[in-house]
Structures are given as C-alpha cells and as structure tokens.
Amino acid sequence: NIIIAGYNYLSTITLNQDGGYSKNQLIDPTTLEFKRQITSVGIDRNKSIYFSTGSKLWKLNDTPVVIDSSNQPITIYSTSNGLVFHSNEKGFYGFDGNYASIFNEIYRVMNSDEKIIRMSVTGSYIFIITSSNQLLMFSNQGNLLKIITNFGNNYTEIPIDIGTSDDINFYAITPTQIFRF
C-alpha cells in the first residue's frame, strides 16, 4: 500500500489484479469536513490505518476516530514488529501488545535533559538523533548497538532521515547532502 495524506485528505494506492493501480480515497474533502493536516501515518499488522494531526492520534474506521491526544506532537513509526507512537510527553507507546515498551529503554541511554530531535526506522534498526548531537543506533528489539557522539557537528545540517539498502551501509540524508557511515 502507498498512502497519500495531506490537509483534509487521505487515500491509498494499491496494486490491482490487472497489474495496474487502484486509488481508494478514505478522507474526501468534498464529502467529509475533516479540516486537519495529517502529519504522520502508518498501517498496522491488521491493515488498520492510524494517523496523527499534530497532537491527536486517530484510527480510521469508517470515519476518523480520535484514540489518543497529547500536549506534544505525536509521530507514528512503522517497524518490522508493528507501529510505535511517540510524543515527548508520553514517550514511546503502542496498541498491539507490549512492543512499544521496548523503545522506552532508549530513554535510559539518554541524559535527563536530552531530547529526541529526529528518529528514523530503517531495515531492522532505529536511529535517534538527540539534542546533544548524538546518534543512537538500536536494534528493533531496543538493544543499543552504537553511539556516535558529535553526530550533528560532523555535518552542516541535521539529517532529516537515515536510510539503508542492505542493513550494512547507512546513509544520513540532509536537505542538501547524503553521507554514508
């Protein structure tokens, strides 16, 4: 599935039996007055769609239903073990078992005044860039694998994403550059 989201808009694109693509508009601005900007989206193992609009977390049933809210923005991360939700207020959490509690181990590695600036989930790894310019690399089971200090100082800009094609070579992607590490 490919999900397209925006202001008052949510649709999926799926491969059909003819080898083409079918679009399914889930939130249609002409029929549903949703009037919110979708900022993060994910599909769980049961094919349920979750999305956030800043500080509110929604589940799409026939219509969007608020299932959680926070004083801070909520972000959705798709991992190989399921969806994980995060806000600075609540930390990491999920709705399918205890999987999200693994991620709260991440906070044990960080200083109490440190904040998560960016988080990327790629392959079987979780990368966290902190406010003290550290890059923390975790397995998707929450085990700390590596800490790179002064990570943000090595580059002219803080990476907006981290990616991999083979779980061996990793790329930090900034608005203007790509670095391999």
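None of these values were measured; they are calculated from a predicted model.

Calculation rules
Residues numbered from 1 in each chain as written. Predicted model: local features only at pLDDT ≥ 70, side-chain atom pairs only at ≥ 80, totals over all residues. Heavy atoms only, no water. Phe/Tyr/Trp six-rings, centres within 6.5 Å; stacked < 30°, edge-to-face > 60°. Buried < 20%, exposed > 50% of the residue type's maximum accessible area, 1.4 Å probe, protein only. pLDDT = per-residue confidence, 0-100. Helix = DSSP H or I, 4+ residues; strand = E, 2+ residues; numbered from the N terminus. Pairing = 2+ DSSP bridges. Axes fitted to C-alpha atoms, helices over the stretch in contact; angles between N-to-C directions.

(A) Quick look at the packing of aromatic side chains. Tallied over the full model, the rule gives 5 aromatic pairs. Between Tyr125 and Phe127, the aromatic rings sit 6.4 Å apart at their centres with planes inclined by 45°, giving tilted as the arrangement. What makes Tyr125 buried here is its relative accessible area of 18%. Taking the relative accessible area as the measure of exposure, Phe127 reaches 1% and is therefore buried.

(B) Representation of the confidence of the model for the chain within the structure. On average, residues of the chain score 82 in pLDDT, and 91% of them reach the 70 mark or higher. Confidence, read as mean pLDDT per element, is least for helix H1 (residues 99-103) in the chain (60) and greatest for strand S5 (residues 49-52) (94).

(C) Spotlight on the pairing of strand S9 (residues 82-87). Counted residue by residue, S9 has 6 buried out of 6 residues, so it is predominantly covered. Bridge analysis of strand S8 (residues 75-79) against S9 gives 5 bridges, and the strand direction is antiparallel. Within S9, the residue paired with Thr79 across the bridge is Gly82. Hairpin connection between S8 and S9: a loop of 2 residues separates the two successive antiparallel strands. Across 3 bridges, S9 lies against strand S10 (residues 91-93) in antiparallel orientation. The partner of His86 across the bridge, within S10, is Phe92. Following S9, the chain reverses through 3 residues before pairing antiparallel with S10.

(D) Region of the structure containing the sheet that holds strand S17 (residues 178-180). Spatially, 3 strands are ordered S15-S16-S17 in an open sheet, and the strand pairing comes out antiparallel. Of all the strands in the sheet, the pair left with one neighbour each is strand S15 (161-164) and S17. Averaged over all neighbouring strand pairs, the angle between strand axes comes to 25°, with direction disregarded. Of the strand pairs in this sheet, strand S16 (residues 170-173) and S17 are connected by 3 bridges, and their pairing is antiparallel. Counterpart to Ile173 in the pairing with S17 is Ile178.

(E) Up close: the sheet that holds strand S13 (residues 135-139). Ordered in space as S11-S12-S13-S14, the 4 strands form an open sheet in which the pairing is antiparallel. At either end of the open sheet lies a strand with only one pairing partner, and these are strand S11 (116-122) and strand S14 (144-148). Across the sheet, the axes of successive neighbouring strands diverge by a mean angle of 15°, strand direction being ignored. Relative to S13, strand S12 (residues 125-130) runs antiparallel, the two sharing 5 bridges. Residue Ile129 lies in a different strand from S13, and its bridge partner there is Leu135.

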